[in-house]
Protein chains: 2
Amino acid sequence: MTRILGIDPGSQRTGIGIIDVDAAGRARYVHHVPLVLLGEGDFAQRLKRLLHGLAALIEEYRPDEVAIEQVFVGKSADSALKLGQARGAAISAVVLHDLPVHEYAAKEIKLALVGKGSADKVQVQHMVGVMLNLKGKLQADAADALAVAITHAHVRTTAQRLGVNTKQAWSRK
Amino acid sequence: MTRILGIDPGSQRTGIGIIDVDAAGRARYVHHVPLVLLGEGDFAQRLKRLLHGLAALIEEYRPDEVAIEQVFVGKSADSALKLGQARGAAISAVVLHDLPVHEYAAKEIKLALVGKGSADKVQVQHMVGVMLNLKGKLQADAADALAVAITHAHVRTTAQRLGVNTKQAWSRK
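Rules behind the numbers
- Residues numbered from 1 in each chain as written.
- Chains lettered and ligands numbered in written order.
- Predicted model: local features only at pLDDT ≥ 70, side-chain atom pairs only at ≥ 80, totals over all residues.
- Heavy atoms only, no water.
- Helix = DSSP H or I, 4+ residues; strand = E, 2+ residues; numbered from the N terminus.
- Pairing = 2+ DSSP bridges.
- Axes fitted to C-alpha atoms, helices over the stretch in contact; angles between N-to-C directions.
- Contact = heavy atoms within 4.5 Å.
- Least-squares fit on C-alpha atoms with pLDDT ≥ 70 in both.
- Core = buried A, V, L, I, M, F, W, Y, C linked by side-chain atoms within 4.5 Å.
- Buried < 20%, exposed > 50% of the residue type's maximum accessible area, 1.4 Å probe, protein only.
- UniProt positions renumbered as here; feature names shortened; annotations may be inferred.
- Polar contact = N/O pair within 3.5 Å; in protein donor to acceptor, adjacent residues only side chain to side chain.
- pLDDT = per-residue confidence, 0-100.

Turning next to unusual backbone geometry. Residue and element names in this part refer to chain B. We note that Asp98 has phi near 55°; this positive angle belongs to a residue other than glycine. Residue position: Asp98 is located in the loop between helix 2 (77-96) and strand 5 (101-104). The backbone of Asn133 sits at a positive phi, close to 55°, despite the residue not being glycine. Relative to the helices and strands, Asn133 is located in the loop between helix 4 (121-131) and helix 5 (140-162).

Given below as structure tokens:
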């Protein structure tokens, strides 16, 4: 059994989704939670809450591997900077726990969940619910965090069948 | 005596400059070093080196306060994201050590060092050398890191004279 923690970084809230995957590649839902970056305090204090919040989740759930969405940046350099800072703090929490981080582009996530890279977000979110056998509607950031975790589960299971090292095959510069 | 660590975040190298300030506001050079983000490994590994490198400096030099430059983002959202990630990791290292972080815009740094907000970078770098009594040319990232530390030294000395709390007056959202 391998436990995977998925991260959907955002400048206002970062989604966290945790799943377990068995040797056959079957995924089971474990937990999901949003880490909210808004609220009291200055920017550094909010980043600290994200860092400590994620560190506490890692210590409680002890994932074996971490998957993070390669964020899409729009036209605004200012919001890209904010998103980058949140993503940098999230990766910091992960690497401080010496966990391997795997990055996936939105296209790869859509391909893994829906079977085509051009699928829309609603289809991806629907498939997360179906695959993890969840009742009710998930919040978008929770669904996206679980989706990147499922994507990594698929990739690592396929890679193991083919005898490929996922770390080398899938971690990016 | 107050020890201030200044950070000039960059997506390729982050400058670190450390100074000591006495009660009269006089600054003394202590150390400077670039933390290079390029090199071996994937992005997460490079971020980890930045995080551990800065943590090691904090543990060795034990600064009382930290000042960081409010980065200027150009037109490219992609480079803003990279810069944001480096800045997020640097702030993470600082807040993990429970140190207060103060942010200063480029304009405030120019005003503090040269006396006018429209000064160019070369003038700022020259003044860093003069104020800290350093012989020879400093690298740009080292000079910028020392410049933001000097700016904070000026602001906190002035604030103390006026009986203002620097944390509230100068930390930003």
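Attention shifts here to the sheet that holds strand 5 of chain B. Whenever strands of a sheet pair, they do so through backbone hydrogen bonds, lying parallel or antiparallel. All names here are of chain B. Pairing in this open sheet of five strands is mixed, and the strands run 3-2-1-4-5 from one edge to the other. Every interior strand has two partners, whereas the edge strands, strand 3 (27-36) and strand 5, have only one. Pairwise comparison of adjacent strand axes, ignoring direction, gives a mean angle of 20° for this sheet. Lying on the sheet, helix 1 (residues 43-61) is in contact with strand 1 (2-8), strand 2 (13-21) and strand 3; it crosses strand 3 at an angle near 160°.

Let us now look at the relation of the copies chain A and chain B. Of the two same-sequence chains, chain A is brought onto chain B (RMSD 0.0 Å, axial shift 0.0 Å) by a rotation of 180°. Both copies are brought into coincidence by an operation consistent with a two-fold rotation axis. With an isologous cut-off of 70% or more, the 100% of interface residues of chain A that recur at the interface of chain B puts this contact in the isologous class.

Let us look at the nonpolar core. Residues Ile7(A), Leu54(A), Ile7(B) and Leu54(B) are the most contacted members of the largest nonpolar core, which totals 54 residues. With residues up to four places along the chain from it excluded, the contact list for Leu54(A) reads Leu5(A), Ile7(A), Ile16(A), Leu35(A), Ala90(A), Ala93(A) and Val94(A).

Residue and element names in this part refer to chain A. Taking the UniProt record as the reference, the feature "binding site: Mg(2+) 1" (unreviewed entry) is found at Asp8 and Asp141. Spatial clustering of the annotated residues is evident: they stretch over 134 residues in sequence, but the largest pairwise C-alpha distance comes to 6.3 Å. Residue class for Asp8 comes out buried when judged on its relative accessible area of 13%. Discounting residues that sit within four places of it in the chain, Asp8 has contacts with Arg13, Thr14, Gly15, Glu69, Asp141, Asp144 and Ala145. Within the secondary structure, Asp141 is located in helix 5 (residues 140-162). With a relative accessible area of 9%, Asp141 lands in the buried category. With sequence-adjacent residues up to four places away left out, Asp141 is seen in contact with Asp8, Arg13, Gly15 and Pro34. In terms of polar contacts, Asp141 uses its side chain to reach the side chain of Arg13, at 2.5 Å.

All names here are of chain B. Sheet topology places strand 2 next to strand 3; nine bridges connect them, and they run antiparallel. Across the sheet, the residue bridging to Thr14 is Leu35, located in strand 3. The loop that links strand 2 with its antiparallel partner strand 3 comprises five residues; one of these, Gly25, has a positive phi angle of about 95°.

Residue and element names in this part refer to chain A. Residues of chain A with pLDDT of at least 70 account for 95%, and the chain-wide mean is 88. Ranking the elements of chain A by mean pLDDT puts helix 6 (residues 166-170) last with 47 and strand 1 (residues 2-8) first with 96. In this model, residues 168-173 is a region of pLDDT below 50 whose contacts with residues beyond four sequence positions or in other chains number 18 contacts. As scored by the predictor, the complex reaches a pTM of 0.83 and an ipTM of 0.78.

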